[in-house]
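An overview of the molecular structure
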Amino acid sequence: MPATPRQARTRRAPLRTVLAATLLLVMTACSSGGADSGGASSGVEAGGAVADAVAPEEAAGASVAESAAEPGAAAAREIVTTGRATVVADDPAAAATRLARLVEEAGGRVERRSETAATDDSPGSASLTVRVPSDRMTGAVEALDKLGTVESVDVDSTDVTSEGQDLDARIAALTTSTDRLRELMKSAGSTEDLLQVEQELSERQADLDALTAQRQRLSDQVAMSTLDVEIVPEPVAAAQSRGGFLGGLASGWGALVTTVQTVVLVLGVLLPWLALGGIGYLGYRWLRRRTRPEAGADGGPTDRPGEDGPGDPDAPHPASPDEAPEPVPAGR
């Protein structure tokens, strides 16, 4: 039975409804996309692009931290190891040279080296600060037995995994932010917007560089362990026990030896000058003796031994007739 016109219109009604709904959805999607692109361009012109660029920083940092916290993406533990040791050796300088050679053979380096030569008052010593790969720290401590008697060893380990993850998250967030700001600089619509983006970019870049340097230092401490070694010729306890009467006696003897050495040194310095002064004095005496006879030949006074000059007030002189002594009466 053929369909009537009324039935045909009834069948076409649902199809029209579906087409209308599809067309409405397409128009809505196009209008929303145009609105988003227009809002982004207007944000650059108004200076709001900087806020849009730095906003993803927290989200990026959170995502990196969450991914690091996941069991499947967990990084290896980061441990910073430091150690201190005291070694007793007969020749500290030779032991220090041997330790430096062992460290270099292990792939490490010597960061500081100090040596004190032995004297009469104190024995010599040496101290080194070495850096060795973290996986060879145990072997380096055990190798100290080759230098002498190990008196003390102290090794500390610090877990810095969380600190490293925090730095990584902040570095990743700042990297994302700086990349976004560089993109916005290319689409800046005015000079004012460009200057604003450049200022924000310079600040973010400075923070990024500081965090990167901090992360590198932390990574170096994790990769290379630090070991401080003190090399002495006698045990520390024996050196500290040298006190009391014997210690005072040793100190007094040392002071006496030092004083004698100082006096000898002063005499050695003054001896040439004393010899020169003695020669000058002898020359003066010789010239004086040469000039005295010449003065006596001219009728002047002489000072020859055994002869009293007329001008000498203490010399005796003959008595005059008026000053004859009184006669002594007889019977006395």
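The model shown is predicted, which means the values in this text are computed figures rather than measured ones. (Residues numbered from 1 in each chain as written. Predicted model: local features only at pLDDT ≥ 70, side-chain atom pairs only at ≥ 80, totals over all residues. Heavy atoms only, no water.)

Observations regarding a positive patch on the surface
Stated formally: Patches in this entry comprise residues that are over 30% relatively accessible and not in a salt bridge; like charges within 9 Å are linked, as are nonpolar side chains (Val, Leu, Ile, Met, Phe, Trp, Tyr) within 5 Å. Areas reported here follow the Shrake-Rupley algorithm with a probe of radius 1.4 Å; residue values treat only the protein chains shown as occluding. Should a side-chain nitrogen of Lys or Arg be within 4 Å of a carboxyl oxygen of Asp or Glu, the pair is scored as a salt bridge. Just so you know, the count uses Lys and Arg for positive and Asp and Glu for negative, and it drops His and the chain ends. Charge positions come from single atoms, namely NZ of Lys, CZ of Arg, CG of Asp or CD of Glu. Here a helix means four or more residues in a row that DSSP labels H or I, a strand means two or more in a row labelled E, and each is numbered from the N terminus.
Together, Arg285, Arg288, Arg289 and Arg292 make up a positively charged patch on the protein surface. Assignment of secondary structure puts Arg288 in helix α9 (residues 244-297).

Quick notes on the confidence of the model for the chain
Test applied: pLDDT expresses how confident the predictor is about each individual residue, on a scale running from 0 to 100. The contact definition used throughout considers only heavy atoms, calling two residues in contact when any of these lie within 4.5 Å.
Predicted confidence across the chain gives a mean pLDDT of 74, with 61% of residues reaching 70 or more. Of all the helices and strands in the chain, helix α1 (residues 5-46) carries the lowest mean pLDDT, 44, while strand β1 (residues 79-88) carries the highest, 95. Counted against residues more than four places away or in other chains, residues 67-74, with its pLDDT under 50, gives 4 contacts.

Here we look at the sheet that holds β1
Put simply, the test is: When DSSP finds two or more bridges between a pair of strands, those strands are recorded as paired. To obtain an axis, a line is fitted to C-alpha atoms, over the contacting stretch when the element is a helix, and the angle between two such axes runs from 0 to 180 degrees between their N-to-C directions.
In space, the 5 strands of this open sheet follow the order β2-β3-β5-β1-β4, with mixed pairing throughout. Two strands bound the open sheet, and with one partner strand each, they are β2 (109-116) and β4 (149-159). Adjacent strand axes in the sheet meet at a mean angle of 10 degrees when their direction is disregarded. Two strands pair when backbone bridges link them, and β1 and strand β5 (residues 224-232) are joined in this way by 7 bridges, in the parallel orientation. By the bridge assignment for β5, Gly83 is matched with Leu227. Packed on one face of the sheet, helix α4 (residues 92-105) meets β2, β3 (125-133) and β5 and runs near 5 degrees to β3.

Comments concerning the environment of Gln214
To be explicit about the condition: Using a 1.4 Å probe on the protein chains alone, a residue whose accessible area is under 20% of its type maximum counts as buried, one over 50% counts as exposed, and one in between counts as partly exposed.
Take Gln214: it is sitting in helix α7 (residues 191-223). Accessibility expressed as a relative area gives 32% for Gln214, which makes it partly exposed. Along the sequence, Gln214 and Leu167 sit 47 residues apart, while their C-alpha atoms lie 8.1 Å from each other. Filtering out sequence-adjacent residues up to four positions away, Gln214 remains in contact with Glu163 and Leu167.

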